[in-house]
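Chain by chain, the residues:
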Amino acid sequence: MDDPQTRGLRILLADENQERLERVAAVVRQAGHEVIARAVGPADALESVAGDQPDVALVAPGPRDDHALELVACLVEDASWPVLLYMEEDDATLAREAARLGVFGTVADRDPEQLQSSLEVALRRFAERRDLEAAFERRAVIERAKGILMERHGLGEREAFELLRGHARANQERVATVARAVLDGHPLLPRG
């Protein structure tokens, strides 16, 4: 399963130990990816990605789990990319805590093929999560638009949806697009 979208990735490495960063960078390059930044602490990590967005971030924990978890929390909070934990030694407790914070997986091997497999899984799961979030957002927009139509036109929920859907079909648009237009335009409409 060699997906072209998972080759030649731009990867941020985060670790408190510069020597370990270089070891991980070597594995990343062997897997055919580019290391775009190396960060030692949370401030470095955020600064590194300010203008140069990675496709994936790898956090390599050192002797202090709290430092690795701080890096994970910092990267996950603002990330529009998946974060993985790159573990040289198995540590189920650390992996569970990192998962709770939002990592998309772990890599527990120095093998470039294992890294590639983990990246592919993480990128697919991340894309699925983004798609799900977008679907929830569309659903929320449609529900709010139905509420506005119900209030303004004295309609029931089903009739409000049928009005949205009918307008969308007549104009060859998506229901969510019509619903967004209702939300954007409703302050201009008189109260019903």
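Residues numbered from 1 in each chain as written. Predicted model: local features only at pLDDT ≥ 70, side-chain atom pairs only at ≥ 80, totals over all residues. Heavy atoms only, no water.

Colleague: Please provide a residue-by-residue account of the packing of helix α3 (residues 65–78) against helix α4 (residues 92–101), values included.
Modeller: Two numbers describe how α3 lies on α4: the axes approach to 9 Å, and their chain directions differ by 20 degrees. With respect to each other, α3 and α4 are oriented roughly parallel. The element α3 and its partner α4 pack so that their crossing is right-handed. Contacts between α3 and α4 involve Asp-65, Leu-69, Val-72, Ala-73 and Val-76 from the former and Leu-94, Glu-97, Ala-98 and Leu-101 from the latter. Residue composition of the contact of α3 with α4, grouped by class: seven nonpolar, no polar and two charged. (Axes fitted to C-alpha atoms, helices over the stretch in contact; angles between N-to-C directions. Helix = DSSP H or I, 4+ residues; strand = E, 2+ residues; numbered from the N terminus. Parallel < 35°, antiparallel > 145°, perpendicular 65-115°, else oblique. Left-handed = near helix turned anticlockwise from the far one by under 90°. Contact = heavy atoms within 4.5 Å. Nonpolar A, V, L, I, M, F, W, Y, C, P; charged D, E, K, R; others polar.)

Colleague: Break down the sheet that holds strand β1 (residues 10–14) for me, citing the residues and quoting the values.
Modeller: The parallel open sheet is built from five strands, whose spatial order is β2-β1-β3-β4-β5. Because the sheet does not close on itself, it has two edges, and the strands there are β2 (34–39) and β5 (106–107). In this structure, strand β4 (residues 83–86) lies alongside β5, joined through two bridges in parallel fashion. Pairing of Leu-85 across the sheet is with Thr-106, part of β5. Contacting β1, β2, β3 (56–59) and β4, helix α1 (residues 18–30) runs over the sheet at an angle of about 165 degrees to β2. (Pairing = 2+ DSSP bridges.)

Colleague: How would you summarise the confidence of the model for the protein chain if you had to cite specific residues and measurements?
Modeller: Summarising the model, the protein chain shows a mean pLDDT of 86, and 92% of its residues fall at 70 or more. No element of the protein chain has a lower mean pLDDT than helix α2 (residues 42–49), at 70, and none a higher one than helix α6 (residues 157–170), at 95. (pLDDT = per-residue confidence, 0-100.)

Colleague: Outline the side chain of His-33, supporting the account with residue identities and numerical values.
Modeller: Note on placement: His-33 falls in the loop between α1 and β2. On the accessibility criterion, His-33 (5% relative accessible area) is buried. A polar side-chain atom of His-33 sits 2.9 Å from the main-chain amide nitrogen of Leu-9. Here Gln-116 takes part through its side chain, which lies 2.6 Å from a polar atom of the side chain of His-33. (Buried < 20%, exposed > 50% of the residue type's maximum accessible area, 1.4 Å probe, protein only. Polar contact = N/O pair within 3.5 Å; in protein donor to acceptor, adjacent residues only side chain to side chain.)

Colleague: Help me get a handle on the environment of Leu-21, residues and values and all.
Modeller: As for its position among the elements, Leu-21 is in helix α1. Taking C-alpha positions, Leu-21 is 63 Å from Gly-154, a pair spaced 133 residues apart along the chain.

Colleague: A description of the pattern of salt bridges should follow, citing residues and the corresponding values.
Modeller: In this structure the tally under the stated criterion is 14 salt bridges. With a closest N to O distance of 2.5 Å, Arg-100 and Glu-97 form a salt bridge. With Arg-100 and Glu-97 both in helix α4 and three residues apart, this pair spans about one turn of that helix. By relative accessible area, Arg-100 is classed as exposed at 58%. Between Glu-151 and Arg-152 there is a salt bridge; the shortest N-O distance is 4.0 Å. The partly exposed category is assigned to Glu-151, whose relative accessible area is 41%. A relative accessible area of 12% means that Arg-152 is categorised as buried. Within this structure, Arg-139, Glu-143, Lys-146 and Glu-157 form a network of salt bridges that share partners. (Salt bridge = Lys/Arg side-chain N within 4 Å of Asp/Glu carboxyl O.)

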